[in-house]
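# Observations on the three-dimensional arrangement
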Amino acid sequence: MAAPVDYGDLEFTRPASQIKAVNVPDIPEEIFTGMREYEDAARGFGIYGFERSTKTATGEVPGGIFLSHRPKDAQVSQVYRISTDPANIKLERLTYFDIGTGRTISSFTPILGEDWRGVYKSGGAIMSMDLDGNEHFQLWRYWEEALCQQVLPKIDGELDNAPGKGRIERLTHDDFRYSSVMISPSNKLMAFVSNKENSTDTLVYLATLIGSNTGAVCNSTPFALPSKLVTPLIRDGKTERWVAESISLDDKFLLLTRVYGNTYRPLFVVDISGPEPGKVERIFLPGATELDEATTVSANFSLDPAKPHLAYLITDAYGDFDSVISYDIHQRTITHITTPNLGPSVHVLRPISWEVRGLRVTDACIYFTANTEGWSVLYVMPLTGPHKDTVIDVRLDWEGGWIAFTHNGRNGRPHELALCLSSYRSRGFVQRAVLDLQTLQHAAGGKVCVNVRMTPYVQAAVPGVKKAVAPKLIKFKSFDGLEVPAMYYHPNDRKSKAPVIIGIHGGPESQATVQYRTATHGYLLNELGIAVIYPNVRGSSGYGKKYMAADDVEKREDSVKDINALIDYIASGLSEELNASRIAVMGGSYGGYMVFATLTHYSSKLKCGVANFGIGNWVTFLENTAPVRRANRRLEYGDESNPTIRAFLEHISPLNNADKITIPLFITHGETDTRVTVHEAVSMYKIVGERPGGQAQLVICEKEGHGYKQKSVIEYVNAATIDYLKRFLLS
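Residues numbered from 1 in each chain as written. Predicted model: local features only at pLDDT ≥ 70, side-chain atom pairs only at ≥ 80, totals over all residues. Heavy atoms only, no water.

### Concerning the sheet that holds strand 23 (residues 310-315)
The cut-off we apply is this: Two strands make a pair as long as DSSP finds a minimum of two bridges between them. By the criteria applied, helices consist of DSSP H or I runs no shorter than four residues and strands consist of E runs no shorter than two, each listed in order from the N terminus. Note on geometry: axes are C-alpha line fits, over the in-contact stretch for helices, and angles between N-to-C directions span 0 to 180 degrees.
Pairing is antiparallel across the open sheet formed by four strands, whose spatial order is 22-23-24-25. Each end of this open sheet is capped by a strand with a single partner; those strands are strand 22 (297-301) and strand 25 (333-336). Adjacent strand axes in the sheet meet at a mean angle of 25°, parallel and antiparallel pairs treated alike. One ladder, built from six bridges, connects strand 23 with strand 24 (residues 323-328); its direction is antiparallel. By the bridge assignment for strand 24, Thr-315 is matched with Ser-323.

### Describing helix 8 (residues 643-652)
Owing to its 3.6 residues per turn, the α-helix aligns residues three or four sequence positions apart on the same side. Formally: Per-residue accessibility, obtained with a 1.4 Å probe over protein chains only, is compared with the maximum for each type, and a residue is labelled buried under 20%, exposed over 50%, and partly exposed between these values. Note that the arc is computed from the directions linking the helix axis to the C-beta atoms. Here a residue-residue contact requires only that any non-hydrogen atoms of the pair lie within 4.5 Å. Here a polar contact is recorded for every N or O atom pair within 3.5 Å, except that within protein the pair must consist of a potential hydrogen donor and a potential acceptor, and residues adjacent in sequence are included only if both atoms are side-chain atoms.
Those residues of helix 8 lying buried are Ile-645, Leu-649 and Ile-652. Along the axis of helix 8, the buried positions cluster into a sector of 70°, meaning they face one direction only. Residues of helix 8 that are exposed and angled more than 90 degrees away from the buried face: Pro-643, Thr-644 and His-651. Contacts made by the buried residues of helix 8 are with helix 4 (556-572), helix 5 (590-602), helix 6 (618-624) and helix 7 (627-637). Looking at where helix 8 begins, the residue whose side-chain oxygen comes 2.9 Å from the main-chain nitrogen of Thr-644 is Asn-642.

### Topic: the packing of helix 4 against helix 5
Applied cut-off: What sets the label is the angle itself: under 35 degrees gives roughly parallel, over 145 gives roughly antiparallel, 65 to 115 gives roughly perpendicular, and the rest give oblique. Note on convention: near helix rotated counterclockwise from far helix by under a right angle means a left-handed crossing. Clockwise means right-handed. As a working rule, the residues Ala, Val, Leu, Ile, Met, Phe, Trp, Tyr, Cys and Pro are called nonpolar, Asp, Glu, Lys and Arg charged, and the rest polar, with Gly in that last group.
Packing of helix 4 against helix 5 brings their axes to within 10 Å, and their N-to-C directions diverge by 65°. Here helix 4 is positioned roughly perpendicular relative to helix 5, judged by the angle of their axes. Judged by the sense of rotation from one axis to the other, the crossing of helix 4 with helix 5 is right-handed. In contact with Arg-556, Glu-557, Ser-559, Val-560, Lys-561, Ile-563, Asn-564 and Ile-567 of helix 4, helix 5 contributes Tyr-590, Tyr-593, Met-594, Ala-597, Thr-598, His-601 and Tyr-602. Taken together, the residues of the contact of helix 4 with helix 5 break down into eight nonpolar, four polar and three charged.

### Some words on the UniProt feature "domain: Peptidase S9 prolyl oligopeptidase catalytic" (unreviewed entry) in the protein
Spelled out, the test is: UniProt positions are given in the numbering used here, feature names are shortened, and annotations may be inferred rather than shown by experiment.
Per the UniProt annotation, the sites labelled "domain: Peptidase S9 prolyl oligopeptidase catalytic" (unreviewed entry) are residues 523-728. Along residues 523-728 one finds 46% helix and 16% strand; the C-alpha atoms at either end are 16 Å apart.

### A short note on the pairing of strand 16 (residues 203-208)
Of all six residues in strand 16, five are buried, a share of seventy percent or more. Direction of pairing for strand 16 relative to strand 17 (residues 228-229): antiparallel, over a ladder of two bridges. Note on strand 17: the bridge partner recorded for Tyr-205 is Leu-229.

### Considering the sheet that holds strand 16
What holds strands together in a sheet is hydrogen bonding between their backbones, with the strands either parallel or antiparallel. With respect to topology, four strands assemble into an open sheet ordered 14-15-16-17, the strand pairing being antiparallel. Here the strands that pair on one side only, and so sit at the sheet edges, are strand 14 (178-183) and strand 17. Two elements, strand 14 and strand 15 (residues 189-194), share four bridges in a ladder whose sense is antiparallel. Within strand 15, the position partnered with Ser-179 by the bridge is Val-193.

### Topic: the pattern of salt bridges
The condition that has to hold: Whenever a carboxyl oxygen of Asp or Glu lies within 4 Å of a side-chain nitrogen of Lys or Arg, that contact is scored as a salt bridge.
Scanning the model with the defined rule gives 46 salt bridges in all. Here Arg-141 makes a salt bridge to Glu-114, at a shortest N to O gap of 2.8 Å. Linking Arg-141 in strand 12 (residues 138-144) with Glu-114 in strand 9 (residues 113-114), this pair joins segments that are 27 residues apart in sequence. Assigned by exposure class, Arg-141 and Glu-114 land together as buried. Among the salt bridges present, the one from Lys-545 reaches Asp-316, with a minimum N-O distance of 3.9 Å. Taken together, the residues span a long stretch of sequence, with Lys-545 in helix 3 (residues 545-548) and Asp-316 in the loop between strand 23 and strand 24 at a distance of 229 residues. Like Asp-316, Lys-545 is buried. Because the salt bridges share partners, they merge into one network encompassing Glu-51, Arg-81, Glu-92, Glu-144 and Lys-165.

### A closer look at the side chain of Asp-673
Here is the rule: By the counting rule applied here, Lys and Arg register as positive and Asp and Glu as negative, while His and the ends of each chain are not counted.
Following the sequence through the fold, Asp-673 ends up in the loop between strand 42 (665-670) and helix 9 (679-688). Buried and without a salt bridge, Asp-673 has Arg-675 as its closest oppositely charged side chain, separated by 5.8 Å. Within the local environment of Asp-673, its side chain forms a polar contact with the backbone nitrogen of Arg-675, the two atoms lying 2.8 Å apart. A distance of 3.1 Å separates a polar atom in the side chain of Asp-673 from the backbone nitrogen of Val-676. Ignoring sequence-local partners within four residues, the contact set of Asp-673 consists of Phe-613, Glu-704, Gly-705 and His-706.

Quick look at the structure:
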């Protein structure tokens, strides 16, 4: 690990809770006031899933829908519940912890119940949560006493959740990471992943929910979750990173993937029906057209009792795009459901030439979405009945945007969906949809569709802003002729020249979609008259694996050249609507690196830059990043332990070229970030900000990791960013 850079010598001010600022002037109160409307609109909802309906001595208790949301009066997001009936407009807050007892809830997985303490506790969820932003997520059990056989005494270490009626007990008691919680369809088993063996390798574990025989009793003694290791260390010289994918309906098999990187994720199966898990065996997909080491798979078992060992997969083993197939693990046969471009000799149910994602399986149908250049399209395929194996377009009555969803199949209602929607008008609002597959229509090209009217959950709506600007999808040619897409927002419908910010997403295996917007997006457009362009430079996801691999290792700076091509396109193809003399770049994480790198190469074409938790030096980043992530990142960025690659990474690192940055730079970073450590930001500030004539500002955010979650931090960083852009882009 590289030696950390000391920043105790910096003179900080503390203008807000959890904020250390260097060289940042006082922010006018009018900016904080003006941002509130936009920050309220950004506090959208997320969906954890449908709560399981439970039975008590007095009858069945119907489940609701678990949501995430940050209320106005809380520092961090909390868990809420709404009824599945849109006519019931109650929004019930379930958690009330704050910083110090809980921070980021990465998952809240509903369960039917468990008997770990010798009594059956119905309902609730298994929660994965960290405490200070370092992403060392622990497992917790959330339950409500009204659904339990008896009341448990207060448990040592239990979170104080008053005035919430739910209780939260910690299940793991260390500083390792626990995530990817998955519950079997039978509710008898729970799988999860952790690096608890050696801090580096992420392995799969199995715990029993029902008939657990843990020996724990109903007392105040903390409970430590017992589990069995499913994936013993292979010790093949590579860091292991496993993911539990799906447990079969009969609890016999567990599907796993091993993640070597974002472009190689093979599929495995293990028999878990015995007292100890069996051997983990590799699954090779028949007839794959792509190189094995360049394919990925994710999997869901069928919920059909007649076909418990049939799996539905999303894979790019048959082309450039992720597609849906089905695979029988006994017969070793496949059916192509959406795979495009296989030719007339291969039968495909419905070829779709876009990335498919979000596969969900019920006993009646499967659902998935296709990402069509940043907009989502929802599909359903019935598994029985007259429309069996027909891929149907689900047409929703809205303006279009990004769709996340969950189904209520585990409560016996597979055609009921809760949709979390994001469009240019609003982000993170929840609607109900019930599909009636008796009302199908036929469209051009032989396509089959169903029109679905959504019902809003008004209690999970998001306030709008006074003006919502729709994006325009643009494309420009880069230095080598590659066409690069971008989401383009203009403050006055492109009727006059506007200054422009180029907002660069992180990842790099991510994508600027119709839902992707920085927190300050609306203020920039409506209050300051600044246009915003979010490019999907090479390396972005959503356009096939060849596009995603076009920036790997030695091709890293080709993506930086894409930004230069956009700058030049602004000056030529968009010269009538954008002011090429007033361009800023802004981004976070990998996007922060892109800001640093763009400034080292193209300062003369720009006014200023904003970099949030960005990478400054590739070598120190790789040496300091969390060990569980290092191997994956080396595949993308290069292995710094190889002398040749190390020399290349040092050569292109912005920190080693920071003397070329001649314009103002604003840097923010989370102090407990374990992905990109805070020393990247401090090192860049000390080079750019402390040299004669240097113009840099630095904000370090306490108890924040990779991305900001706390109310005080979000509001201060947003306002400071706006103030900075007013002074250096507009003035």
